[in-house]
Amino acid sequence: MERLWAPWRMEYINAADDEDGCIFCLAAAGDDAARLVVHRGTHAFALLNKFPYSSGHFMVAPIRHVAEYGELSDDEVLELHRLASAGMGALAEVYAPQGYNVGWNLGRIAGAGVVDHVHLHVVPRWAGDTNFMPVLADVKVLPEALQETRRKLAAAWPG
Ligand SMILES: [Zn+2]
């Protein structure tokens, strides 16, 4: 089985506990550019992952601070998936990925960096991206690049 090689993820997981407040609640209440928010809905919103597995890796989260997947309301579940779908539409237009990994990491053991505010990951994939990920590791934190990605995806967001 091939795996995306993303060593900075551990840094993120370790750092998540040190963040002063919930990053999703901060993003929900905060500035789009500062918090890398790409799109806001009624019950949920989309934001870029600050430590992406690949370019354009974004997350959707309910605006409400909810830890349990099963506690999401029908409205939240629907909009979370609609935003994931719309975001894939924006990614298709801007970066033309060849595939996606879409998923929930529920609980620390499952790889969740933030365990008390559920969120859905959308990771665009290209053939050979497992090979260029080590190269990306050298440029793991690029605020300008993230802002550029945020701006492009926000502009390409359908609807
Ligand atoms: Zn929260």
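This section reports on the structure supplied with the text. Note that the structure is predicted; figures quoted are calculated from it, not measured. (Residues numbered from 1 in each chain as written. Predicted model: local features only at pLDDT ≥ 70, side-chain atom pairs only at ≥ 80, totals over all residues. Heavy atoms only, no water.)

1. Topic: the overall build of the chain
So, step 1. A tally of regular secondary structure across the chain gives 6 helices and 5 strands.
So, step 2. Counting from the amino terminus, the chain carries its helices and strands in the arrangement α-α-α-β-β-β-α-β-β-α-α.
So, step 3. Looking at the chain as a whole, 40% of its 159 residues are labelled buried.
So, step 4. Considering only contacts in the chain between residues 6 or more positions apart, those separated by 24 or more positions represent 65%.
So, step 5. A total accessible area of about 8,400 Å² is found for the chain, and carbon and sulfur atoms account for 53% of it. (Helix = DSSP H or I, 4+ residues; strand = E, 2+ residues; numbered from the N terminus. Buried < 20%, exposed > 50% of the residue type's maximum accessible area, 1.4 Å probe, protein only. Contact = heavy atoms within 4.5 Å. Areas by Shrake-Rupley, 256 points an atom, 1.4 Å probe, with all protein chains shown as cover.)

2. Some points on the nonpolar core
So, step 1. In this structure, Leu48, Phe58, Val60, Leu153 and Trp157 are the most contacted members of the largest nonpolar core, which totals 22 residues.
So, step 2. Of the residues forming this core, the biggest block, 6 residues, is contributed by helix 4 (residues 74-95).
So, step 3. Once residues lying within four places of it in the same chain are set aside, the contact partners of Phe58 are Ala46, Leu47, Leu48, Asn49, Leu83, Ala84, Gly87, Met88, Leu91, Leu120, His121 and Val122.
So, step 4. Cys22, Ala27, Met59 and Ala61 belong to the second-largest nonpolar core, a separate cluster that totals 10 residues. (Core = buried A, V, L, I, M, F, W, Y, C linked by side-chain atoms within 4.5 Å.)

3. Points about the coordination of the zinc ion
So, step 1. Surrounding the zinc ion are the protein donor atoms Cys22 (SG), Cys25 (SG), His65 (ND1) and His117 (ND1), at 2.0 to 2.3 Å.
So, step 2. Taken together, the 4 donor atoms coordinating the zinc ion span angles of 101 to 118° at the metal, a pattern that classifies the geometry as tetrahedral.
So, step 3. Of note, the donors binding the zinc ion are all from one chain and are spaced C-x2-C-x39-H-x51-H. With Cys25 in helix 2 (residues 23-29) and His117 in the loop between strand 4 (99-104) and strand 5 (120-125), this residue pair connects regions lying 92 residues apart in the sequence. (Donors = N, O, S within 2.8 Å, 3.2 Å for Na, K, Ca; no water. Tetrahedral: all angles 85-135°; square planar, octahedral: opposite > 155°, others 65-115°.)

4. Concerning the environment of Gly41
So, step 1. For Gly41, the location among the structural elements is in the loop between strand 1 (37-40) and strand 2 (44-48).
So, step 2. Between the C-alpha atom of Gly41 and that of Leu80, which follows or precedes it by 39 residues, the distance is 8.9 Å.
So, step 3. With residues up to four places along the chain from it excluded, the contact list for Gly41 reads Ile63 and Glu79.

5. Here we look at the environment of Tyr100
So, step 1. Locating Tyr100 in the fold gives a position in strand 4.
So, step 2. By relative accessible area, which is 29% here, Tyr100 ends up partly exposed.
So, step 3. In this structure, the C-alpha to C-alpha distance between Tyr100 and Pro124, residues 24 residues apart in sequence, is 4.4 Å.
So, step 4. Among the polar contacts listed, one links the side chain of Tyr100 to the backbone oxygen of Met88, at a separation of 3.1 Å. (Polar contact = N/O pair within 3.5 Å; in protein donor to acceptor, adjacent residues only side chain to side chain.)

6. So, the sheet that holds strand 2
So, step 1. Taken together, 5 strands build an open sheet; the order of strands is 1-2-3-5-4 and the sheet is antiparallel. The sheet is open, and its two borders are formed by strand 1 and strand 4, each paired with just one other strand. Strand-to-strand, the axes of this sheet are offset by a mean angle of 20°, without reference to chain direction.
So, step 2. In the sheet, strand 1 pairs with strand 2 via 3 bridges, with the strands oriented antiparallel. Opposite Val37, over in strand 2, you have Leu47 as the bridge partner.
So, step 3. The strands that helix 4 touches are strand 1, strand 2, strand 3 (58-62), strand 4 and strand 5; relative to strand 3, the one it contacts most, it runs at about 160°. (Pairing = 2+ DSSP bridges. Axes fitted to C-alpha atoms, helices over the stretch in contact; angles between N-to-C directions.)

7. With respect to the pattern of salt bridges
So, step 1. Per the stated rule, a full pass over the model turns up 3 salt bridges.
So, step 2. With its nearest N and O atoms 2.7 Å apart, the salt bridge here joins Arg40 to Asp32.
So, step 3. Residues Glu148 and Arg151 are paired through a salt bridge, measuring 2.9 Å at the closest nitrogen-oxygen approach. Taken as a pair, Glu148 and Arg151 lie in helix 6 (residues 143-156) at a separation of 3 residues, close to a single helical turn. (Salt bridge = Lys/Arg side-chain N within 4 Å of Asp/Glu carboxyl O.)

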